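# Remarks on the overall topology
Below, each chain spelled out in residue letters.
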Amino acid sequence: MLLSPSPRGAELAARVRDFIDTEIRPIERDYHATLAVARQDGTQWAPLPLMLDLQSKARSVGLWNLFLPAGHGDSYAGKFGTSGSAGLSNVDYAPLAELMGRSLLAPVVFNCNAPDTGNAEVLLRYGDDIQQKQWLEPLLDARIRSAFLMTEPGVASSDAANMQATATIDGDQVVLNGTKWWSTGIGHADCELMIFMGVTDPNAHRHQRHSMVIVPRSTDGVEVIRMLPTMGWYDEPYGHAEIRLTDVRVPLSNVIAGPGRAFEIAQGRLGPGRIHHCMRLIGAAELALELACRRAIARTAFGKPIINLGGNRERIADARIAINQARLLVLHAAWLLDTNDPAAIGAVSEIKVAVPTMAQNVIDMAMQLHGGAALSEDTPLSALWLQARAVRFADGPDAVHRGVVARIELAKHADTVAS
């Protein structure tokens, strides 16, 4: 079992770390201050010049589209990714995602942010040549942004078989109807691509009813009902929205991989995406632990450094242990994905339960050590905590993943006779 990055992966990690430390970290406070002004002007959904400048620098040094997967992204890596290089394995990309998780800006700077990475992988793995030329290439080039439309407000979306939105085939067109929400990315001024999931054949097997369809943002019948705040945070310039599609017509050729294959595509999309989410959260937990240590050493209360009060040393120790455990669990899942091991299904569900909860707990501990400052925008902790809490819903809630792990575990004992 090889959980260490390759020499190339280690070299990229060193370069990503250096770029974050020298280019991103020094301007983060200015970026967020500029974004706050943009909110007042109503221009917060357009990319800020500071971000465009950072993206240009990252691209110029070959730190671009690092998420492109080995064997699938190789043909694009030289043109739209790391210069002249093949795509990365999950084990090699995982440390890069962790480093990006230490900054709220870094994933966007390197063009490695959700939902664009997941949508790009869908087109890369399942799109045809025309779809890739029209949509994948500009997405990798950051000329457009994208959104993913799956979750619905009217049903329990933890079970995608409940989906009510439809993608009905009508001759050489597909007609889309339904309401989606928490559609990440739709707020961005450059969002041109939406990938919509809907029911095509309600009488088919439950995993063959749905299709994924490319929908240009400007298509007639697409209505953004409202942008959704997450506990008061709008996550500009990408944002999350509730969207209504009414008799939206697109060519049948916009169906990705063919009708009825949405579940298959979703599983191919979500495995690597869950690795990305979890490693970014490990990075966020590392940052929170670092901030907690610095705060606890520097501040005094009741005549003592905070670190020496109320079991805080034990809390720091427990956080370090939890982060290290989580990292090994994710790297193991990444290795299983890289080796096409069927056990990856259970391993990915394990990390989706363990890592967001770990990150939320570590960040919460750091917030407690910061007192009221942690609730403000003077530290990144409140945003990091919200990110960890939200991921416990995204890509499947905890209960669903626990069900997967339990089913796999119980199957090992299927021959047990109840007494």
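Residues numbered from 1 in each chain as written. Predicted model: local features only at pLDDT ≥ 70, side-chain atom pairs only at ≥ 80, totals over all residues. Heavy atoms only, no water.

For clarity, the threshold we go by: UniProt positions are given in the numbering used here, feature names are shortened, and annotations may be inferred rather than shown by experiment.
As named in an unreviewed UniProt entry, the chain is Acyl-CoA dehydrogenase, taken from Mycolicibacterium phocaicum. What UniProt states about the chain under its Cofactor (unreviewed entry) heading is, verbatim, "FAD". The UniProt entry for the chain carries this comment under Catalytic activity (unreviewed entry): "a 2,3-saturated acyl-CoA + A = a 2,3-dehydroacyl-CoA + AH2".

## Some points on the environment of A36
What counts is decided by this rule: By the criteria applied, helices consist of DSSP H or I runs no shorter than four residues and strands consist of E runs no shorter than two, each listed in order from the N terminus.
Mapped onto the fold, A36 is located in helix α2 (residues 28–41). As a C-alpha pair, A36 and E236 span 200 residues in sequence and 10.0 Å in three-dimensional space.

## Let's talk about the pattern of salt bridges
In plain terms, the rule: A side-chain nitrogen of Lys or Arg and a carboxyl oxygen of Asp or Glu constitute a salt bridge if their distance falls within 4 Å. Only protein chains enter the accessibility calculation, which uses a 1.4 Å probe. A residue is then buried if its area is under 20% of the maximum for its type, exposed if over 50%, and partly exposed in between.
Inspection of every chain in the model, using the stated rule, returns 24 salt bridges. In this structure, K180 engages E152 in a salt bridge whose closest nitrogen and oxygen atoms are separated by 2.9 Å. Here K180, found in strand β3 (residues 173–184), pairs with E152, found in the loop between β1 (145–149) and β2 (166–170); they are 28 residues apart in sequence, far enough to count as distant. Of the residues examined, K180 reaches a relative accessible area of 0% and is grouped as buried. Relative accessible area serves as the criterion here: at 5%, E152 is assigned to the buried category. The partner of E286 in a salt bridge is R327, with the nearest N and O atoms 2.7 Å apart. Here R327 lies in helix α10 (residues 312–338) and E286 lies in helix α9 (residues 262–298), a separation of 41 residues in the sequence. Look at E286 and you get buried, because its relative accessible area is 12%.

## A look at the side chain of N90
Where we set the bar: Any two residues whose heavy atoms approach within 4.5 Å at even a single point are treated as in contact.
Mapped onto the fold, N90 is located in helix α5 (residues 90–100). Given a relative accessible area of 15%, N90 falls into the buried group. Once residues within four sequence positions are removed from consideration, N90 is found in contact with P272, A334, L337 and D338.

## Regarding the UniProt feature "domain: Acyl-CoA oxidase/dehydrogenase middle" (unreviewed entry) in the chain
The UniProt feature table records "domain: Acyl-CoA oxidase/dehydrogenase middle" (unreviewed entry) at residues 147–247. Taken end to end, residues 147–247 is 0% helix and 50% strand, and its two terminal C-alpha atoms sit 19 Å from one another.

## Details of the domain arrangement of the chain
Rules: Domain start and stop positions are those given by an automatic or database domain assignment. Take the accessible area each of two parts loses on contact, using a 1.4 Å probe, and add the two losses: that sum is the buried area. We define a polar contact as two N or O atoms separated by no more than 3.5 Å, with the added condition that, inside protein, one atom must be a possible hydrogen donor and the other a possible acceptor, whereas residues neighbouring each other in sequence contribute only through side-chain atom pairs. For this scheme, ten residues count as nonpolar: Ala, Val, Leu, Ile, Met, Phe, Trp, Tyr, Cys and Pro. Four count as charged, namely Asp, Glu, Lys and Arg, and the remainder, Gly too, count as polar.
Along its sequence, the chain is carved into domain 1 (7–113), domain 2 (146–259) and domain 3 (263–412). Computed over C-alpha atoms only, the centres of domain 1 and domain 2 are separated by 27 Å. Counting residues at the interface gives 9 residues for domain 1 and 10 residues for domain 2. Of the roughly 820 Å² buried between domain 1 and domain 2 on both sides combined, carbon and sulfur atoms contribute 63%. For domain 1, the biggest contributors to the area lost against domain 2 are R39, W45 and P47; these three give 62% of the whole. Taken together, domain 1 and domain 2 are joined by 1 salt bridge. Here E236 ties to R39 by a salt bridge, and the two come within 3.0 Å at their closest N and O atoms. Summed over the shared surface of domain 1 and domain 2, the number is 3 residue pairs in polar contact (both at pLDDT 80 or more). Among the elements that line the side of domain 1 that touches domain 2, the one with the most residues is α2, at 3 residues. A per-class count over the side of domain 1 that touches domain 2 returns 6 nonpolar, 2 polar and 1 charged.

## Quick word on helix α1 (residues 7–24)
Note the threshold: Multiply 1.5 Å by the residue count of a helix minus one, and that product is the helix's expected span. An arc is given here, and it is the one of the directions from the helix axis to the C-beta atoms.
Here α1 contains 18 residues, and its C-alpha end-to-end distance of 25 Å stays within 8% of the 26 Å for a straight helix at 1.5 Å per residue. Burial in α1 covers these residues: G9, L12, A13, V16, F19, I20 and I24. The buried residues of α1 occupy an angular sector of 130° when projected down its axis, which confines them to one face. Where α1 is buried, its residues meet α2, α3 (49–60), α5 and α6 (106–109).

## Here we look at helix α11 (residues 344–370)
Spanning 27 residues, α11 covers 38 Å between terminal C-alpha atoms, matching the ideal 39 Å at 1.5 Å per step. Remark: G371 follows α11 within two positions and exhibits a positive phi of approximately 65°.

## Some details on the side chain of N312
In this fold, N312 is placed in helix α10. From its side chain, N312 meets the backbone oxygen of I306 in a polar contact 2.8 Å long. Not counting chain neighbours up to four residues away, the residues in contact with N312 comprise I306, I307 and L369.

## Describing the environment of V155
Secondary-structure assignment places V155 in the loop between β1 and β2. Once the C-alpha coordinates of V155 and I275 are considered, the two residues, 120 residues apart in sequence, prove to be 27 Å apart. Once residues lying within four places of it in the same chain are set aside, the contact partners of V155 are N162 and Q164.

## Remarks on the pairing of β1
For clarity, the threshold we go by: Two strands form a pair only when DSSP identifies at least two bridges running between them.
Here β1 lies mainly inside the structure; 5 of its 5 residues are buried. Side-chain alternation along β1 places R145, A147 and L149 on one buried face and S146 and F148 on a second face that is also buried. Here 5 bridges tie β1 to strand β4 (residues 191–199), and the two strands are oriented parallel to one another. In the strand pairing of β4, L149 is matched with F196.

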